[in-house]
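Overview (structure and organization)
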Amino acid sequence: MAFTTSLHLAILGELLAQDPAIRAITCSADQLAQGVVVEALARGLRVPDDIAVCGFGNAEFSAHTVPSLTTVNVDGAAIGRLAGEMILARCRGETVPERIVDVGFEVVQRKSA
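First things first, this report covers the structure right here in the doc. (Residues numbered from 1 in each chain as written. Predicted model: local features only at pLDDT ≥ 70, side-chain atom pairs only at ≥ 80, totals over all residues. Heavy atoms only, no water.)

1. Let's talk about the overall build of the protein chain
- In terms of regular secondary structure, the protein chain is built from three helices and four strands.
- N-terminal to C-terminal, the α/β element order of the protein chain is α-β-α-β-β-α-β.
- In terms of C-alpha radius of gyration, the protein chain reaches 18 Å, well past the compact-globule figure of 13 Å for 113 residues.
- With the C-alpha coordinates of the protein chain rotated into their principal frame, the extents come out at 55 × 30 × 25 Å.
- Within the protein chain, the proportion of its 113 residues that are buried is 32%.
- In the protein chain, the share of contacts with a sequence separation of at least 24, taken over all contacts with a separation of at least 6, comes to 67%.
- Within the structure as shown, the protein chain displays about 7,100 Å² of accessible surface, and the carbon and sulfur contribution to it stands at 57%.
- On the protein chain, the mean spot of the 9 positive side-chain charges and the mean spot of the 13 negative ones are 1 Å from each other. (Helix = DSSP H or I, 4+ residues; strand = E, 2+ residues; numbered from the N terminus. Rg over C-alpha atoms; globule rule 2.2 N^0.38 Å. Buried < 20%, exposed > 50% of the residue type's maximum accessible area, 1.4 Å probe, protein only. Contact = heavy atoms within 4.5 Å. Areas by Shrake-Rupley, 256 points an atom, 1.4 Å probe, with all protein chains shown as cover. Lys, Arg positive; Asp, Glu negative; His and termini not counted. Charge placed at Lys NZ, Arg CZ, Asp CG, Glu CD.)

2. Structural notes on helix α2 (residues 30–42)
- Here α2 is 13 residues long and its end C-alpha atoms lie 18 Å apart, about the 18 Å a rise of 1.5 Å per residue gives.
- Within the span of α2, buried status applies to D30, A33, Q34, G35, V36, V37, E39 and A40.
- Phi turns positive one or two residues past the end of α2, at G44, with a value near 85 degrees. (Expected span 1.5 Å × (residues − 1).)

3. Describing the pattern of salt bridges
- Under the counting rule described, the total for this entry stands at five salt bridges.
- Where R81 meets E85, a salt bridge forms, and the shortest distance between an N and an O atom there is 3.8 Å. Highlighted residues: R81 and E85, both in helix α3 (residues 76–91), separated by four residues, approximately one helical turn.
- Assessed through its relative accessible area of 42%, E85 is described here as partly exposed.
- One salt bridge connects R92 with E94, and the closest N-O pair in it is separated by 2.9 Å.
- Look at the salt bridges and you will find they share partners, linking R46, D49 and D50 into a network. (Salt bridge = Lys/Arg side-chain N within 4 Å of Asp/Glu carboxyl O.)

What follows is the structure, encoded as C-alpha cells:
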C-alpha cells in the first residue's frame, strides 16, 4: 500500500522545519500517520526511536505496516447509531436530552509509538 503523497511530505517537512527537535506526531487518520512514517523513514529517522507516530481510526492495514501503527480506536458503529437515533428523534420533534455523548476510545499500542 502506498499512502505517501505530497501532503505527507509537506506535513512532516513543515513540522520539522518549525521544530527540528519534535519527537512525536499524532495524526487525525491512520492513512496520514502511515504517510508520515514512510516519510520519516525516507529521511533516515527511526520510528519510534527518533520520532513517534500515532494515527486515528484503527484502520485494518495499521496492524500490518512496518513498523505497525499505534492508533486510537473508536467505536464508529456506535457513533453512527447514536447520531442516527438523535437525528430521527429531532425529525419526530423530540428533544434530544444529551447532545454530546462520550463513546470512549482505546489507544492501540503498536510499534510506531
